[in-house]
Structures are given as structure tokens and as C-alpha cells.
Amino acid sequence: MAKKEIKTIGVLTSGGDAPGMNAAIRAVSRQAIGKGYKVMGIMRGYSGLIAGDIKQLHPRDLSDSIQKGGTILGTARSMEFKTPEGQKKAAKVCRDNGIDSLVVIGGDGSFKGAQKMSDQGINVVAIPGTIDLDIACTDYTIGFDTAVNTAMDAIDKVKDTSSSHQRCSIIEVMGRHAGYIALWCGIANGAEDILIPETYDYDEQRLVDNIIDTFSRGKRHHLIINAEGIGHSASLARRIEAATGIETRATILGHMQRGGSPSCKDRMYASIMGAYAVDLLTEGKTNRVVAYKNGEFTDFDIDEALAMEKSISEFEVQVCKNMSI
Ligand code: ADP
Ligand code: F6P
């Protein structure tokens with residue numbers, strides 16, 4: 001339960017930015033202001049919190065933000081906040097600014113930080129915001145939908161030129177240690193192979209045989225979606241070209257996947273999650289994560305959420321393989 005009455009809610013974005021974070025900031029702020037709370041926007045995640053870089057947000061400050069990529073509050077990765085001293089400083093800044101409650105929008109690293117603020121006596125609700133989709137308690141994270149669509153569009157373009165030149169193309173997508181962007185693009189772009197940390201066995205001979213087999217079956221390209229967690233796309237391309245004699249190119253999509261105007265789904269789900277977070281605080285709940293699980297918006301205890309493990313669907317991996325005949 002929340003330890004004290006809610007008067008002022010601080011909101012911050014932390015870790016890698018994700019399209020839709022602005023929709024969440026806007027929803028948290030307007031839902032809270034509508035309920036009579038004061039809202040403080042904390043700049044640059046936990047770094048800005050420690051530095052006291054905070055400003056009050058009014059409804060008009062959120063105008064024209066829902067369609068914007070990135071985060072209007074800025075974000076950061078703060079080493080100082082990982083230390084007990086940094087966390088104490090952050091809690092003092094909260095108290096000095098009258099912030100009794102905090103909404104943290106970020107990935108599981110940011111959730112660990114939220115847990116620490118809860119330990120410091122601040123009411124805390126976290127919202128999953130990461131393009132990686134690597135948070136176990138939820139089937140949806142803010143930004144994944146936009147990022148995977150951005151990647152898919154880019155890969156379609158690479159596929160065109162790959163077919164024209166009858167090449168093998170390796171396209172590296174983001175995801176840190178997770179293969180969700182790669183798996184979704186593997187299916188959505190009709191890739192011949194996906195290399196993801198959850199399943200890749202590093203059997204390069206199998207990859208080489210598969211590429212030769214692809215062209216022998218009359219296909220005009222061989223598309224490999226390589227997850228960032230496997231990496232080394234350029235050197236892999238050189239080895240494949242040497243082993244197959246087939247021209248091979250590597251493309252690393254990089255940070256373009258994190259930018260751009262959020263999709264309808266990211267605007268909509270982020271808005272619901274933002275409003276839901278404020279309602280949890282109003283109900284007196286703290287140390288919670290908002291989630292979307294089995295078709296419903298729900299919430300979990302942060303400790304419980306962080307202990308959960310996420311696995312990749314073997315069926316989806318198999319579908320990707322089956323579609324490449
Ligand atoms: P994400 O939230 O996307 O997973 P990071 O892992 O970079 O991104 O975490 C974002 C920030 O959250 C870190 O820079 C740090 O300030 C804070 N954080 C991460 N892990 C911890 C931890 N174990 N304890 C306290 N704070 C943490
Ligand atoms: O977590 C989002 C993400 O884009 C990952 O996919 C990637 O590994 C990482 O952040 C990149 O971080 P940075 O922007 O610090 O290079």
C-alpha cells in the first residue's frame with residue numbers, strides 16, 4: 001500500500017527512449033491533473049532527478065506531444081543512481097520538491113531503480129517503455145510496435161535490392177539481449193533465416209548450406225535477420241561470401257529503430273498505461289508495474305515482475321522457418 005496521501009506525482013523517462021513515451025507522459029500528467037494532483041516533470045531520468053532538474057507540468061505543456069518520437073523529458077543512464085548515495089540524494093530531491101509519488105517509464109533497469117525509490121519511502125508505479133519487448137510480466141512494451149514497423153519497412157527496401165542483385169543480405173536489428181524485433185521481422189519480412197540469442201547455435205556451416213540451397217531452389221535473395229545480441233554482421237557477411245561465392249552485404253539498422261512518430265498502438269496503449277498508473281497510485285498502491293497480459297491491462301508487484309522470466313515462442317520461430325521454403 002502507498003505510505004502516504006498523494007499530492008504531487010513526479011514523472012520521468014529512463015534508459016533507452018522509445019516511441020510512445022510522450023503519450024505515456026501526457027496521459028500520466030493529464031490523468032493526474034484531472035484528479036487534482038500536482039505533476040512534476042523530471043528531466044533526463046534518474047540523472048535529472050539527482051540534479052533536481054524538475055519543472056511543473058500543466059496540461060498545455062503536453063500539447064502536440066502524443067505524435068512526437070523520443071521523450072520530451074529526455075532520458076539518461078545514470079551510474080550515480082545505482083549507488084545507495086545516489087538513491088538517497090534522489091529521495092531527498094523528491095522530498096524537497098514535495099514529490100510523494102513517482103511514475104517511472106522505462107525498461108527493467110529503470111524498474112530496479114523504481115524499486116530503490118520505493119525502498120526510500122516514495123510511492124512508485126513503473127510503466128514498461130522499451131523497444132526490446134524484453135519485460136517478462138507484459139506482452140506489450142511502449143515503443144516495440146513502432147520500432148518493429150520501422151525495421152520492417154527498412155528491411156523491405158533492402159529486400160528489393162537484394163532480389164535485384166541476387167544477393168544474401170544480413171540485416172542487424174536492435175533488441176539488446178532479446179530477439180523479439182528479429183523474430184517479428186523474420187516473419188513479417190519473409191526472411192530465410194533469423195539469428196536470435198534465444199535459439200542461435202552458431203552453426204555457420206548450416207547457415208552456408210541453407211543459403212546455397214535457397215538459390216538452388218530458384219529464390220532470388222537470402223535474407224538473414226540478425227539480432228544485435230548476436231551482432232558481428234559485417235564479419236559474418238565476409239565469411240558467408242567466402243564460403244558460398246554468393247555476394248553478401250550487411251546492413252545495421254541501428255538507432256533509426258528508436259525514432260519516429262509512434263504508431264497508433266503505441267499512442268493508445270501508452271495512454272492507457274499512463275492513466276492506469278495514476279489510478280493505481282490513487283487506489284493507494286505502490287511498488288507496482290503496469291502490464292498488458294493475456295489481452296488485458298493489469299499490474300504486478302515490481303519485485304514479482306523482475307523475478308519473472310520471458311521465453312521466446314518456439315512455435316513462432318518454427319513458423320518463420322516453415323515460411324522460408
Ligand atoms: P532500461 O530501463 O531500458 O532497462 P538501463 O538498464 O540502462 O535501461 O537502466 C536505466 C537506468 O536505471 C540506469 O541508468 C540506472 O540509473 C537505473 N538502474 C538500472 N539498474 C539499476 C539497479 N540495479 N539499481 C538502481 N538503479 C538502476
Ligand atoms: O534498450 C533499447 C536499446 O535500443 C537496445 O535495443 C540497444 O541494445 C540499446 O538500447 C542501445 O543503447 P544506446 O542508445 O545507449 O546505444
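Scroll up a little and you will see the structure.
Rules used in this analysis
- Residues numbered from 1 in each chain as written.
- Chains lettered and ligands numbered in written order.
- Predicted model: local features only at pLDDT ≥ 70, side-chain atom pairs only at ≥ 80, totals over all residues.
- Heavy atoms only, no water.
- Near = heavy atom within 4 Å.
- Polar contact = N/O pair within 3.5 Å; in protein donor to acceptor, adjacent residues only side chain to side chain.
- Nonpolar A, V, L, I, M, F, W, Y, C, P; charged D, E, K, R; others polar.
- Pairing = 2+ DSSP bridges.
- Helix = DSSP H or I, 4+ residues; strand = E, 2+ residues; numbered from the N terminus.
- Axes fitted to C-alpha atoms, helices over the stretch in contact; angles between N-to-C directions.
- Contact = heavy atoms within 4.5 Å.
- Areas by Shrake-Rupley, 256 points an atom, 1.4 Å probe, with all protein chains shown as cover.

## As for the site of ligand 1
Then comes step 1: Every one of the 16 residues lining ligand 1 counts as a neighbour, but Arg77, Ser78, Gly107, Gly109 and Ser110 are closest to it.
Then comes step 2: Between ligand 1 and Ser78, the relevant distance is 2.7 Å, taken from an oxygen atom to a main-chain nitrogen or oxygen of the residue.
Then comes step 3: Between an oxygen atom of ligand 1 and a main-chain N or O atom of Gly107, the distance comes to 2.9 Å.
Then comes step 4: Considering only residue class, the shell around ligand 1 consists of two nonpolar, nine polar and five charged.

## Brief notes about the sheet that holds strand β2 (residues 38–42)
Then comes step 1: Ordered in space as β3-β2-β1-β4-β5-β10-β11, the seven strands form an open sheet in which the pairing is mixed. At either margin of the open sheet sits one strand with a lone partner, and together these are β3 (54–56) and β11 (296–301). This sheet shows a mean twist of 25° between the axes of neighbouring strands, independent of strand direction.
Then comes step 2: Bridge analysis of strand β5 (residues 123–128) against strand β10 (residues 288–293) gives two bridges, and the strand direction is parallel. Opposite Val125, over in β10, you have Arg288 as the bridge partner.
Then comes step 3: Relative to the sheet, helix α4 (residues 108–119) contacts β4 (101–106), β5 and β10, its axis offset from that of β5 by approximately 170°.
Then comes step 4: On top of the sheet, helix α9 (residues 264–282) reaches β1 (8–13), β4, β5, β10 and β11; it is set at about 165° to β5, its chief contact.

## Here we look at the site of ligand 2
Then comes step 1: Every residue lining ligand 2 is accounted for by Arg77, Thr130, Ile131, Asp132, Met174, Gly175, Arg176, Glu228, His255 and Arg258.
Then comes step 2: Here an oxygen atom of ligand 2 and a side-chain polar atom of Asp132 are 2.7 Å apart.
Then comes step 3: Separating an oxygen atom of ligand 2 from a side-chain N or O atom of Arg258 is a distance of 2.8 Å.
Then comes step 4: Protein coverage of the free-state accessible area of ligand 2, which is 390 Å², stands at 76%.
Then comes step 5: Classifying every residue of the shell around ligand 2 gives two nonpolar, three polar and five charged.

## Looking at the sheet that holds strand β8 (residues 222–227)
Then comes step 1: The strand order across the open sheet formed by four strands is β7-β8-β6-β9, and the pairing between neighbours is parallel. Pairing within the sheet leaves two strands with one partner each, and these edge strands are β7 (193–195) and β9 (248–252). On average, each strand axis in the sheet is inclined to that of its neighbour by 20°, with strand direction left out of account.
Then comes step 2: Bridge count for β7 against β8 is three bridges, and the pairing is parallel. Residue pairing in the sheet places Leu195 in a bridge with Asn226 of β8.
Then comes step 3: Together, β6 (168–173), β7, β8 and β9 form the strand contacts of helix α8 (residues 233–244), whose direction differs from that of β9 by roughly 170°.

Functional significance is not addressed by these values, which are geometric in nature.
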